[in-house]
Amino acid sequence: MAEILCSTGALIGKANNRDYRLLQKLAGLLQCDGYEFMMYSSWYQEWEEMADYLSGLGLHIPVLHCDKHIGEALSRGEESPRDSADLAQAMEKFRVNCELARRIGAGALVLHLWSGQISDQHFDNNLRIYPRLRDMAGGYGLDLLVENVVCNQENPLKHLEELAQAYPGAHFVWDTKMAAFHQQETLLYQQEYAWLWQQGHIRHYHVNDYDGGYKDWSRLEALPLGAGHIDFDAFFEYIRRIGYDGGFTVEATAFGSDGQVDVDMLNRCFERIRQGSSRSAF
């Protein structure tokens, strides 16, 4: 049976002071199977204390989502001394993310290989650095999953294909919202892209809705299932057809300006995925 996770990024943000200790209370209210822990750049000074706290909670956290800022430095590469220093710092932060993942019991690591304003402008840099990241993650016993992150130059599916061609063992996480942003959500179901699942590249799915148009940056937010225009009936038909029984993560932002978490909304998302992915129900 598929494992349904909740991203801690859906629960913890600036509005509630990024207080990871909220997990202790919320875990008893959320009807998910576990968590994908989102690392924030403001936590590096206390990451060891945080690792001990999370381990003590006894929660099932099979996936860690790396600090999104790492990808921006990776994209810049080493073209200048400053860039080289930024890259070295990014690699050290990536190491900390790996260590945190290991300590909290995660087996997979989600990475924005490109990110920020620079995005995929220098994708050759991202392609070149990938094996170092993969090997470092592997040294910690982690499966590195590159996400189909939005692009400001090309498109994420093109880059995933380039990664797979250069490194046939590359693994990915497919985000429904990111795909819809580039109008690529339905390409997943086409025979032309069957290699994504037939060759075992996609290992996890982020399931979120989107309500904007093509590359509509003003609408780039993670919405709950049903709040946008993605056809999830078609998505789950695909999931059942290929026999996927891996994990899903809900990232839909569940807190408002007051920091209070809409637990009911998240539970509805978990149930929709549970029903949609169940082959026995159809």
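Structural notes, computed from the coordinates. (Residues numbered from 1 in each chain as written. Predicted model: local features only at pLDDT ≥ 70, side-chain atom pairs only at ≥ 80, totals over all residues. Heavy atoms only, no water.)

### As for the overall build of the protein
Let me state the cut-off plainly: Numbering goes from the N terminus for both helices and strands, where a helix is a DSSP run of H or I of at least four residues and a strand is a run of E of at least two. The globule rule used here is 2.2 Å times the number of residues to the 0.38 power, and the radius of gyration it is set against is calculated over C-alpha atoms. Each residue gets one of three labels from its accessible area relative to the maximum for its type: buried under 20%, exposed over 50%, partly exposed in between, using a 1.4 Å probe on protein chains only. Here a residue-residue contact requires only that any non-hydrogen atoms of the pair lie within 4.5 Å. Areas reported here follow the Shrake-Rupley algorithm with a probe of radius 1.4 Å; residue values treat only the protein chains shown as occluding. Here the positive residues are Lys and Arg and the negative ones are Asp and Glu; neither His nor the chain ends is included. Just so you know, the charge point we use is NZ for Lys, CZ for Arg, CG for Asp and CD for Glu.
Along its length, the protein carries ten helices and eight strands. In summary, the protein has a C-alpha radius of gyration of 18 Å against a globular reference of 19 Å for 282 residues, a match within 12%. Considering only C-alpha atoms, the protein reaches an extent of 55 × 45 × 35 Å along its principal axes. Classification of the 282 residues of the protein by burial places 56% in the buried group. Residue pairs in contact within the protein that sit at least 24 positions apart in sequence constitute 78% of those at least 6 positions apart. Carbon and sulfur atoms make up 44% of the accessible area of the protein, which amounts to about 12,200 Å² in all. If you average the places of the 25 positive and of the 40 negative side-chain charges in the protein, the two averages end up 2 Å apart.

### Topic: helix 9 (residues 232-242)
Worth spelling out the cut-off: We call two N or O atoms a polar contact when they sit within 3.5 Å, provided that within protein one can donate a hydrogen and the other can accept it, with sequence-adjacent residues counted only if both atoms are side-chain atoms.
Along helix 9, the residues classified as buried are Phe 232, Phe 235, Phe 236, Tyr 238, Ile 239, Arg 240 and Ile 242. Packing partners of the buried residues in helix 9 comprise helix 7 (176-181), helix 8 (195-198), strand 7 (202-206), strand 8 (247-250) and helix 10 (263-277). The residue sitting at the N-terminus of helix 9 and contributing the capping side-chain oxygen is Asp 231; that oxygen lies 3.1 Å from the backbone nitrogen of Asp 233. Gly 243 lies just past helix 9 and shows a positive phi near 75°.

### Some thoughts on the pairing of strand 2 (residues 34-38)
Worth spelling out the cut-off: Strands qualify as paired when DSSP identifies two bridges or more between them. Throughout, right-handed denotes a crossover for which the path from the first strand over the helix to the second runs clockwise when the strands point away from the viewer.
In terms of burial, strand 2 is a largely internal element, five of the five residues being buried. Sheet topology note: the strand 1 (residues 3-7)/strand 2 ladder contains three bridges and is parallel. Paired with Cys 6 across the bridge in strand 2 is Tyr 35. Bridge count for strand 2 against strand 3 (residues 63-65) is three bridges, and the pairing is parallel. By the bridge assignment, Glu 36 is partnered in strand 3 with Val 63. Traced from strand 2 through helix 2 (residues 47-57) to strand 3, the parallel crossover comes out right-handed.

### Regarding the pattern of salt bridges
Side chains bearing opposite charge may pair, as long as their charged atoms lie close to each other. Note the following rule: The salt bridge criterion pairs a side-chain nitrogen of Lys or Arg with a carboxyl oxygen of Asp or Glu, the two atoms within 4 Å.
This structure, assessed with the given rule, holds 14 salt bridges. Where Arg 95 meets Glu 92, a salt bridge forms, and the shortest distance between an N and an O atom there is 2.8 Å. Remark: Glu 92 and Arg 95 occur in helix 4 (residues 81-103); sequence separation between them is three residues, near one turn of the helix. The residue Asp 211 makes a salt bridge to Arg 219 at a minimum N-O spacing of 3.1 Å. Asp 211 gets classed as partly exposed once you look at its relative accessible area, which sits at 33%. Assessed through its relative accessible area of 34%, Arg 219 is described here as partly exposed.

### As for the environment of Gln 89
Checked against the element boundaries, Gln 89 lands in helix 4. In sequence terms Gln 89 and Gly 141 are 52 residues apart; their C-alpha atoms lie 22 Å from each other.

### Description of helix 2
The α-helix winds at 3.6 residues per turn, so residues separated by three or four positions along the chain end up facing the same way. To be explicit about the condition: Working definition: the arc comes from the directions between the helix axis and the C-beta atoms, pointing outward to the latter.
Of the residues making up helix 2, those classed as buried are Trp 47, Met 50, Ala 51 and Leu 54. Buried residues of helix 2 fall within an arc of 105° about the axis and therefore sit on the same side. Opposite its buried face, helix 2 presents the exposed residues Asp 52 and Gly 56, each directed more than 90 degrees away.

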